[in-house]
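# Observations on the three-dimensional arrangement
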Amino acid sequence: MPPPDYPPDPNLRRSAEERLRRGKDAAPPPPHAEEQDPKRLMHELQVHQVELQQQYEDLCETRDRMETALNRYTELYDFAPMGHFTLSVNGTISDLNLAGAELLGSARARLAGQRFQQFIPDDQREDFLKFLTNTFAGTEKQRLTATLWSGAESGAVYPRDTTRGVKRVQIEAIPSAEGSSCRVSAIDITDKEQAEATLRMNAKLLEAAAAIAKVGGWELDLVTGELFWTPETYHIHETSPEAFHPSVESGLARYLPDSRRLLESALEAARTHGEGYDLELEMFTNQGRPIHVRTKGRVTWVIGRPAKLTGAIQDITEAKLAEERLRHSEELARATLNALTANICVLDEQGVIIAVNDAWIQFGAENGSQSGTGIGTNYLTVCDQGAGQHAEMAHDVGAAIRAVLQHGEQTYYAEYPCHSPDERRWFALNISRTQGPGPKRVVVAHENITSRKEAVLALEKSRQEFRELVGRVQQAREEESSRIAREVHDELGQQLTGLKMDLRLMERGLERMPEKEMESTRERVVAMNGLVDEIVKTVQGIAAGLRPPLLDQIGLVAALRRELNLLQSRSALSCEYRGLAEEIPLSRDLTTACFRIAQEALTNVVRHAEASEVVLELSTDGANLKMEIQDNGSGHDWSQPSNRQALGILGMKERANLEGGEVTLENRPEGGTVVRAVLPLVKPPAATSET
């Protein structure tokens with residue numbers, strides 16, 4: 001109820017305030033007689049009333065301040081970023097703020113009366129209960145890192161196989177003054193732990209990557225001189241933090257003199273001017289092993305001056321060795337290219353010349369084209385712009401290079417003439433592409449093959465002259481055989497015929513002789529007549545062997561048939577003729593060559609084949625005369641040079657070559673040998689002596 005309303009009296013209020021200032025416990029002044037006056041008593045009562053009213057106002061003001069403070073505390077408590085709980089001895093939640101309710105994933109009203117440990121996984125609950133016991137047993141703050149199952153209901157089972165709704169929290173607890181409860185604060189550290197785990201993983205990955213790349217890190221405080229090394233830096237120096245304390249002086253001592261001077265100058269420039277550096281240096285590790293390193297430094301400025309020098313160091317020994325091997329390999333390749341007599345250039349994917357050998361440069365200088373075929377020139381363009389007598393060949397070379405570059409062709413080879421006004425020259429062109437990964441490269445080699453070409457042409461000319469000589473010898477032989485055959489047949493045959501006629505006359509004249517002499521003489525004449533018959537047959541055989549008369553009289557087909565019949569009558573072979581039934585017009589040389597090849601093939605069958613059958617087939621396709629002789633004998637091993645180079649076989653092939661044809665021999669799958677002769681009906685002109 002409000003205080004009574006008294007009429008204002010400034011003196012009374014001043015008196016009351018004075019008394020309040022003197023204090024509530026101050027003894028009142030001793031009573032005097034005049035104070036017993038009712039008026040005085042009334043005054044005192046009024047002063048006391050004013051004093052009470054003042055005290056009431058002060059209390060109201062204090063109450064308002066306390067309510068404001070309580071509201072502020074409640075707001076701070078409810079809206080604090082971390083969870084706050086009040087727990088009993090058995091872990092029952094009696095109070096919590098909004099952040100705590102959010103941590104537990106349930107409404108604030110539903111969480112009061114539930115036990116906090118039901119939100120802890122089974123495997124961590126024992127640790128939490130021990131933490132709670134320690135909190136109530138002492139007076140110091142207790143700490144625990146635990147997992148909370150956000151959203152658990154009373155009696156629910158913690159899901160061991162899932163992380164849904166799981167949070168990691170840092171819990172702190174302190175008992176209350178009366179000891180029946182404790183105040184617990186919990187802060188969500190899930191993101192922090194994940195960030196720390198990620199940071200640790202990144203650190204491990206960075207350390208592993210540094211080890212793989214052999215790159216170490218370091219930092220030098222330019223003010224204090226303190227030097228820090230990463231683990232890989234120790235590894236590069238072949239030492240450890242326990243065995244070696246890094247410093248500028250001890251680090252510099254590992255470098256070779258020239259490298260040390262370079263590094264000292266770079267460090268001085270970093271201290272005074274804030275300049276970074278990138279150097280390749282030589283040093284010894286703590287184990288005394290020489291290595292090459294690359295070190296880079298970058299300056300960090302603080303308050304306008306260089307403060308820290310941060311850098312990296314990398315072991316580049318293997319790279320240096322590889323670089324050295326590559327340099328030696330390039331020098332070897334260059335020396336190899338220059339040792340070759342061929343004119344060689346190397347092209348990139350666009351056909352630009354990127355390397356040449358000395359022979360290429362010399363050839364270009366001798367022919368006045370060094371400016372058009374040097375390094376940096378597009379060789380494809382040079383080929384495309386070719387003109388004059390070699391234009392066609394230049395265009396072909398360009399097309400071949402493009403085929404090798406673009407269409408996967410591996411190699412290209414061609415021979416071409418390149419005559420100058422002063423000499424006749426031939427070149428061999430070889431184009432090949434590099435294999436494997438990396439950019440495509442094409443090697444173009446022009447090799448002067450003039451001496452080889454001239455040797456080949458001379459050999460070919462010699463062979464042609466030899467063939468012509470053999471042809472003339474064969475022709476002379478055939479003509480001589482024909483002449484001898486005619487003379488034997490005409491002259492000796494006629495003489496023997498006359499002798500036989502004389503013997504018959506003598507036989508008739510014996511009738512006039514005495515009978516005693518006549519009988520013995522008749523016997524001698526009959527014997528002589530028989531001998532003459534044998535001589536005539538021998539002469540006829542000799543004449544037929546020298547030149548079968550049927551070749552000139554009735555033709556090749558009849559002569560071949562007669563040859564087969566004679567072979568069959570003289571041996572156990574079964575001979576068969578197939579093919580042309582009628583004669584076709586053939587030149588005398590072609591007829592002779594075909595007949596002689598057949599004779600040689602049949603002779604080989606009789607001598608070597610051990611055959612029982614032989615078939616001769618003669619045919620024509622309009623352009624060639626074809627003859628095939630097959631037997632069912634044992635065949636031959638044609639891999640043996642002695643079989644391929646037998647005199648009879650060479651004779652057959654040479655006769656065919658003289659007519660512009662060829663003879664082939666091979667074994668039949670079913671057994672035996674087949675001889676094939678293909679002879680053009682019209683003899684081609686002799687090959688020229690130059691290609």
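Residues numbered from 1 in each chain as written. Predicted model: local features only at pLDDT ≥ 70, side-chain atom pairs only at ≥ 80, totals over all residues. Heavy atoms only, no water.

Turning our eyes to something else, we now look at the overall build of the chain. Counting its secondary structure elements, the chain contains 20 helices and 20 strands. Expressed as a percentage of the 691 residues in the chain, the buried residues total 34%. Of all intrachain contacts in the chain linking residues separated by at least 6 positions in sequence, the fraction that spans at least 24 positions is 53%. As presented, the chain carries roughly 42,500 Å² of accessible surface, and 54% of it is formed by carbon and sulfur atoms. (Helix = DSSP H or I, 4+ residues; strand = E, 2+ residues; numbered from the N terminus. Buried < 20%, exposed > 50% of the residue type's maximum accessible area, 1.4 Å probe, protein only. Contact = heavy atoms within 4.5 Å. Areas by Shrake-Rupley, 256 points an atom, 1.4 Å probe, with all protein chains shown as cover.)

Confidence along the chain averages 80 in pLDDT terms, with 77% of residues attaining 70 or more. When mean pLDDT is taken per element in the chain, strand β8 (residues 277-284) scores highest with 94 and helix α19 (residues 641-644) scores lowest with 54. Throughout residues 154-163 the model reports pLDDT below 50, and contacts reaching past four residues in sequence, or to other chains, amount to ten contacts. Overall, residues 687-691 carries pLDDT values under 50, and its contacts beyond four positions in sequence, including any with other chains, amount to ten contacts. (pLDDT = per-residue confidence, 0-100.)

Here we take up the pattern of salt bridges. The final tally for this structure, using the stated rule, is 20 salt bridges. With a closest N to O distance of 2.5 Å, R668 and E670 form a salt bridge. For E670, a relative accessible area of 56% translates into the label exposed. Shared partners join several salt bridges into a network, and the residues in it are K141, R143 and E172. (Salt bridge = Lys/Arg side-chain N within 4 Å of Asp/Glu carboxyl O.)

Time to look at the packing of aromatic side chains. Per the stated rule, a full pass over the model turns up eight aromatic pairs. When the ring of F128 is compared with that of F131, the centres are 6.0 Å apart and the planes differ by 40°; the resulting orientation is tilted. A residue pair is termed a helical-turn pair when its members lie 3 or 4 positions apart in one helix, as F128 and F131 do in helix α5 (residues 122-137) at three residues. Each member of the pair, F128 as well as F131, carries the same accessibility label: buried. Ring centres 5.5 Å apart and planes at 70° place the aromatic pair F363 and F427 in the edge-to-face group. One end of the pair, F363, is in helix α11 (residues 358-366); the other, F427, is in strand β14 (residues 426-433), and 64 residues separate them in sequence. Classification of F363 by relative accessible area gives partly exposed; the value is 24%. Its relative accessible area of 2% is what places F427 among the buried residues. (Phe/Tyr/Trp six-rings, centres within 6.5 Å; stacked < 30°, edge-to-face > 60°.)

It is generally the case that most residues other than glycine have a negative phi and that most peptide bonds are trans. Not every positive phi belongs to a glycine, and E238 is a case in point at roughly 55°. Considering the arrangement of structural elements, one finds E238 in the loop between α7 (231-236) and α8 (248-252).

Turning our attention to the packing of helix α17 (residues 556-570) against helix α18 (residues 588-609). Contact pair α17 / α18: the axes reach a minimum separation of 10 Å and the direction vectors enclose 15°. Our classification of the angle between α17 and α18 gives roughly parallel. Judged by the sense of rotation from one axis to the other, the crossing of α17 with α18 is right-handed. Of the residues in α18, those touching α17 at L556, A559, L560, E563, L564 and L567 are T591, C594, F595, A598, Q599, L602 and V606. A breakdown of the residues in the contact of α17 with α18 according to their chemical character gives ten nonpolar, two polar and one charged. (Axes fitted to C-alpha atoms, helices over the stretch in contact; angles between N-to-C directions. Parallel < 35°, antiparallel > 145°, perpendicular 65-115°, else oblique. Left-handed = near helix turned anticlockwise from the far one by under 90°. Nonpolar A, V, L, I, M, F, W, Y, C, P; charged D, E, K, R; others polar.)

At 3.6 residues per turn, the α-helix brings residues three or four places apart onto the same side. Within α11, burial applies to A359, W360 and G364. The buried residues of α11 occupy one face: seen down the axis, they fall within an arc of 135°. (Arc of directions from axis to C-beta.)

In a regular helix each residue adds 1.5 Å, so 16 residues correspond to 22 Å; α5 covers 23 Å between its end C-alpha atoms and thus fits that length. Taken together, the buried residues of α5 touch β1 (83-88), β3 (142-149), β4 (166-175) and β5 (181-188). (Expected span 1.5 Å × (residues − 1).)

The next subject is the pairing of strand β10 (residues 305-315). As paired elements, strand β6 (residues 215-221) and β10 share seven bridges and run antiparallel to each other. Across the sheet, D221 pairs through a bridge with K308, a residue of β10. In the sheet, strand β9 (residues 290-302) pairs with β10 via ten bridges, with the strands oriented antiparallel. Counterpart to T295 in the pairing with β10 is I313. Linkage of β9 to β10, two consecutive antiparallel strands, is achieved through a turn of two residues, within which I303 is found at a positive phi near 50°. (Pairing = 2+ DSSP bridges.)

Right, let's get into the pairing of strand β20 (residues 673-680). Counting buried positions along β20 gives six out of eight residues, so the element sits mostly inside the fold. Alignment of strand β19 (residues 662-667) against β20, held across six bridges, turns out to be antiparallel. Within β20, the position partnered with E662 by the bridge is V678. Connecting β19 to the antiparallel partner β20 that follows it, the hairpin turn spans five residues, and G671 within it adopts a positive phi of roughly 115°.

In spatial order, the strands read β2-β1-β5-β4-β3; together these five strands make up an open sheet with antiparallel pairing. Looking at which strands have only one partner, the edges of the open sheet turn out to be β2 (93-96) and β3. The average undirected angle you get between the axes of adjacent strands in this sheet is 30°. By the bridge criterion, seven bridges tie β4 to β5 in an arrangement that is antiparallel. Pairing of I171 across the sheet is with A186, part of β5. Here α5 sits on the sheet in contact with β1, β3, β4 and β5, set at roughly 145° to β3.

The strand order β12-β11-β15-β14-β13 describes an open sheet built from five strands, whose pairing is antiparallel. Each of the sheet's edge strands pairs with one partner strand only, and the pair in question is β12 (353-356) and β13 (411-417). Within this sheet the neighbouring strands show an average axis-to-axis angle of 20°, counted without direction. Of the pairings in the sheet, the one linking strand β11 (residues 343-347) to strand β15 (residues 442-448) comprises five bridges and is antiparallel in character. Paired with V346 across the two strands is V443, which belongs to β15.

Moving on: the environment of F131. For F131, a relative accessible area of 5% translates into the label buried. In the structure, F131 is positioned 40 residues away from I171 in sequence and 9.7 Å away in space, judged by C-alpha atoms. Setting aside residues up to four positions removed in sequence, F131 forms contacts with Q142, R143, L144, I171, E172 and A173.

A few words on the environment of L580. With respect to the helices and strands, the residue L580 is situated in the loop between β16 (574-579) and α18. When its relative accessible area of 17% is taken as the criterion, L580 is described as buried. When the C-alpha positions of L580 and E617 are compared, they lie 7.9 Å apart, and in sequence the two are 37 residues distant. Once residues within four sequence positions are removed from consideration, L580 is found in contact with V557, R561, L618, S619, T620 and L625.

Quick look at the nonpolar core now. One recurring pattern in soluble globular proteins is that nonpolar side chains are buried together. Residues L556, I597, L616, L618, M627 and I629 are the most contacted members of the largest nonpolar core, which totals 35 residues. The set of elements that each furnish at least two residues to this core consists of α17, β16, α18, β17 (613-620), β18 (624-631), α20 (647-658), β19 and β20. The dominant element in this core, judged by the number of residues it contributes, is α18, at nine residues. Setting aside chain neighbours within four positions, we find L616 in contact with L560, L564, E576, Y577, R578, A598, M627, E628 and I629. Core analysis: the next-biggest nonpolar cluster, separate from the first, contains 24 residues, L227, V248, I291 and I313 among them. (Core = buried A, V, L, I, M, F, W, Y, C linked by side-chain atoms within 4.5 Å.)

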